[in-house]
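Structural description and commentary
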Amino acid sequence: MRLRVWLMTLVLFLGACGASEPDDPGELPPSRQDAGSTPEDAGIPDSGTQVVDAGTPVCDGIPDTGRCASATRIEACVTPTGASSPLVIGYDCERGESCATRQGKAVCVLAGACREGESQCANTGALETCSSGKWVATACAGGCNSSVLGSFCAPPILKKSLSANVAYEIRGPNAQRTDWGPLGKVPAIGVLVLSYADGQLLDVAVAGNDGNFTIDVPTTPKASDVVAVALASSDGANSLAFAVVAPGYSAPGTQEILGNKPNPSLWSYAFKTSIVSASSSLTITESMGSGAVRVYDYLRYAYAVARQRYDGRPGLPLVVWLGYGTSWSCGACFAPVPARVFNLPFLAQMWIPADGNQQYWADSVTGHELGHWAMASYGTTPDEGGFHSIGNPTFPGQAWSEGYATWFSSNLRNDSYYVDKQGGAMFWLNLDARAYSYGNLPWSRPSPSKGLIQLMDENEVSAILWRLSMSRPWGPQAIDRALGSRQLNAAPFTRGYTRHTWDVDMGTGQFVNVRNTGLPRPMLADFLDAMVCEGFPSKAVDSATEPAVAYPYPSNAPICLDSSCRSTCSGCCRAGVCLAGTAAAACGGPGAACESCGAGQVCSAGVCTAG
């Protein structure tokens, strides 16, 4: 197992974000603290809105799939979620890598035998480190250790095994959803636990589902020895899957999301080894910054859930930026923008504000941004971003992206309520009831007369997905299958929508400077095609969309690719899987959606009949 050199110097960051003495998917969801970003309708702009001809270049023609600007540098056009516009970003490949195009995307590929800074334990017991594309061996006086994070030289000291527990303090919405509720304490699942002796790494462990861990510590610890808890997770290879990082601004305020991070430090919490005993309970308190642990808790859970749902494929390596006192120009947002932090590569970034609203307690918001991460990892993002507000229709691509993200959050939390605090005030929306907390604010619904491509409230998209996922036990599986299907990931898309960019006149709320880029992008109707074409029952789709009075999706006439289950299956389809169609639990004719026969019925020739 390989390890980059960042781990060896992690102690330099300890205490930057909190230090104290002790005061599956197989993965458990984050525990709740019970107390007893708003996610947007659609038709294309009304009269008075300026629309530029299709094909107008965005980002000076630089593609969102990126291009090789040089042999070692990539440029790409990206659109962060939230109140953001398309922009060009550039980044250099790591030493020992070069730019290449793979499956239509510009990526950095390894040029040598190994990646600079990687290390591994040799059969001889030495530590091998990659330097200039070659492995260089170093003798280890205390032996070479392989851990969940990789390999390193342990210090030559006497050590003992220690078992303890780590937990953190949290807040959730109060019973009335009018503010954050009282403090509670829950296990810190999946955090890294690191033991340091004289500033050298001695051992690494990962806290289990109950927060318990076992780790080696010095037999006789010194005053400088610590057990540290860090908010990062290994990708099982040579880097990190995800991490929560403080940007290191010297003063509170609002920062540009892609601006310089002056002093980035991994969120970590140090406890003196000398006062950690067997069965100790280490508590990360609110004053130590436990809000960052709450964000990490949902991050590790979403990562595990998504990986299970998508056949073990990992999502994009993600760095989450969170600094107490820091808010962001986009509010809370996500973008598939690569970044190198601690000399480690991440392929996506997420920004969570940590100002007076304490949005780190808003599991809804964290889950929403992770929904954007899931779409970028396993599907195709519409790349439509910009100002959007609660109850107001927006363009089809943004409505689909934001709507999916809110559904992902509710599905992850198994809760139809989305609760947030902005501007000092709490608010909520309920996908199941199609209702807002804001007085008499009406729920904006689409119009049957405006067709499939219309401005649409993102929360109506969320409500449709919520009903689809709740209508069948395998509803979430069907949504996952549709998101990752070829139908939703191969342009041009079935319904012909193309990406738009725009500004908003903040005085009137009207869209201005609207541009149709002419670039094919998916939206809700494409997704519904994928759902029906992969075996979701039409009547369940109609129940969610209500085509006669709201969104006029023709579930009886989906547009299916030749490779879809509906086009290729001789039996019936369920969530993209072709079944025989002859069982009472899965009955249906060629390419039709499998249905369960009622009590006393049998499946005969693909039809449920009286037994």
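Rules used in this analysis
- Residues numbered from 1 in each chain as written.
- Predicted model: local features only at pLDDT ≥ 70, side-chain atom pairs only at ≥ 80, totals over all residues.
- Heavy atoms only, no water.
- Pairing = 2+ DSSP bridges.
- Helix = DSSP H or I, 4+ residues; strand = E, 2+ residues; numbered from the N terminus.
- Axes fitted to C-alpha atoms, helices over the stretch in contact; angles between N-to-C directions.
- Phe/Tyr/Trp six-rings, centres within 6.5 Å; stacked < 30°, edge-to-face > 60°.
- Buried < 20%, exposed > 50% of the residue type's maximum accessible area, 1.4 Å probe, protein only.
- Lys NZ or Arg CZ within 6 Å of the ring centre and 35° of its normal.
- Parallel < 35°, antiparallel > 145°, perpendicular 65-115°, else oblique.
- Left-handed = near helix turned anticlockwise from the far one by under 90°.
- Contact = heavy atoms within 4.5 Å.
- Nonpolar A, V, L, I, M, F, W, Y, C, P; charged D, E, K, R; others polar.
- pLDDT = per-residue confidence, 0-100.
- Salt bridge = Lys/Arg side-chain N within 4 Å of Asp/Glu carboxyl O.
- Arc of directions from axis to C-beta.
- 1 Å grid on protein atoms, 1.4 Å probe; cavity = no way out; pocket = protein on both sides within 12 Å on 5 of 7 lines; lining within 4 Å.
- Points joined across faces, edges and corners; volume = space filled by probe spheres on them.
- Disulfide = S-S within 2.5 Å.

The next subject is the sheet that holds strand β23 (residues 268–272). The antiparallel open sheet is built from four strands, whose spatial order is β16-β15-β18-β23. Looking at which strands have only one partner, the edges of the open sheet turn out to be β16 (200–206) and β23. Mean inter-strand twist for the sheet, computed between neighbouring axes without regard to direction, equals 25 degrees. When strand β15 (residues 192–197) meets strand β18 (residues 226–230), the two strands line up antiparallel, connected through five bridges. Bridge assignment links Leu-194 to a residue of β18, and that residue is Ala-228.

Okay, the packing of aromatic side chains next. Taken as a whole and assessed by the stated rule, the structure comprises 20 aromatic pairs. Residues Tyr-436 and Trp-443 carry aromatic rings whose centres are separated by 4.8 Å and whose planes lie at 25 degrees to one another, so their mutual orientation is stacked. The class of Tyr-436 is buried, set by a relative accessible area of 7%. Three or more aromatic residues link up through ring pairs in this structure, and these residues are Phe-242, Tyr-296, Tyr-303, Tyr-310, Trp-373 and Tyr-378. Stacked on the ring of Tyr-417, the Lys or Arg Arg-177 has its end atom at 3.6 Å from the ring centre.

Quick look at the packing of helix α2 (residues 363–378) against helix α3 (residues 396–413) now. At a minimum axis separation of 7 Å, α2 and α3 run at an interaxial angle of 120 degrees. What the angle tells us is that α2 and α3 run oblique. Here α2 and α3 pass one another in a crossing that is right-handed. Across the interface between the two elements, Asp-363, Ser-364, Gly-367, His-368, Leu-370, Gly-371, His-372, Ala-374 and Met-375 from α2 touch Trp-400, Ser-401, Glu-402, Tyr-404, Ala-405, Thr-406, Phe-408, Ser-409 and Arg-413 from α3. Split by residue class, the contact of α2 with α3 holds seven nonpolar, eight polar and three charged.

Of all residues in the chain, 90% have pLDDT values of 70 or greater, and the mean over the chain is 87. Mean pLDDT across the elements of the chain bottoms out in strand β1 (residues 42–43) (35) and peaks in strand β25 (residues 318–321) (98). In the model, residues 1–26 has pLDDT below 50 throughout and makes 96 contacts with residues more than four positions away in sequence or in other chains. When the criterion is pLDDT under 50, residues 45–56 qualifies, and its contacts beyond four places in sequence or with other chains add up to 23 contacts.

What follows is about the pattern of salt bridges. Pairing is possible between side chains that carry opposite charge, provided their charged atoms lie close to one another. Counted according to the given criterion, the structure contains 17 salt bridges. Linking Arg-67 and Glu-75 is a salt bridge whose minimum nitrogen-to-oxygen distance equals 3.1 Å. For Arg-67, a relative accessible area of 40% translates into the label partly exposed. A salt bridge links Asp-297 to Arg-294; its shortest N-O distance comes to 3.9 Å. Placement of both Asp-297 and Arg-294 in helix α1 (residues 290–309) is noted, with a separation of three residues, approximately one turn of the helix. Neither residue differs from the other here; Asp-297 and Arg-294 are each classed as buried.

This part covers helix α7 (residues 538–545). Along α7, the positions that sit buried rather than exposed are Ala-540, Val-541, Ala-544 and Thr-545. Looking straight down α7, one finds its buried side chains confined to an arc of 125 degrees; they lie on one side. Pointing more than 90 degrees away from the buried face of α7 are the exposed residues Lys-539 and Ser-543. Against α4 (458–471) and α6 (524–533) lie the buried residues of α7. Taken from the residues just after α7, Glu-546 is the one with a positive phi, measuring 50 degrees.

Computed from the structure, the second largest cavity encloses a volume of approximately 40 Å³. In terms of lining, the second largest cavity is formed by Pro-396, Ala-399, Trp-400, Leu-452, Gln-454, Met-456, Val-461, Met-523, Leu-524 and Tyr-551. In terms of residue class, the lining of the second largest cavity is made up of nine nonpolar, one polar and no charged.

With respect to topology, three strands assemble into an open sheet ordered β3-β4-β5, the strand pairing being antiparallel. Looking at strand neighbours, the two that pair on one side only are β3 (67–68) and β5 (87–92), the edges of this open sheet. By the bridge criterion, six bridges tie strand β4 (residues 73–78) to β5 in an arrangement that is antiparallel. By the bridge assignment, Arg-73 is partnered in β5 with Asp-92.

As enumerated under the stated definition, the model contains 11 disulfides in all. Disulfide pairing is shown between Cys-140 and Cys-153; the S-S distance is 1.8 Å. In this structure the cystine formed by Cys-140 and Cys-153 twists about its S-S bond by roughly -55 degrees; its chirality is therefore left-handed. Within this pair, whereas Cys-140 is found in the loop between β10 (134–138) and β11 (144–147), its partner Cys-153 is found in strand β12 (residues 150–153), the two being separated by 13 residues in sequence. Between the sulfur atoms of Cys-587 and its disulfide mate Cys-603 the distance is 2.1 Å. Since a negative S-S torsion denotes a left-handed disulfide, the Cys-587-Cys-603 link at about 80 degrees is right-handed. In this pair, Cys-587 is assigned in strand β40 (residues 586–587) and Cys-603 in strand β42 (residues 601–604), connecting sequence segments 16 residues apart. Judged by its relative accessible area of 4%, Cys-587 is buried. The class for Cys-603 is buried, based on a relative accessible area of 15%.

Here we come to the pairing of strand β35 (residues 498–504). With respect to burial, β35 is a largely interior element, six of its seven residues being buried. From the end of β35 to the start of strand β36 (residues 511–520), which pair antiparallel, there are six residues, and Gly-509 there has a positive phi angle of about 80 degrees.

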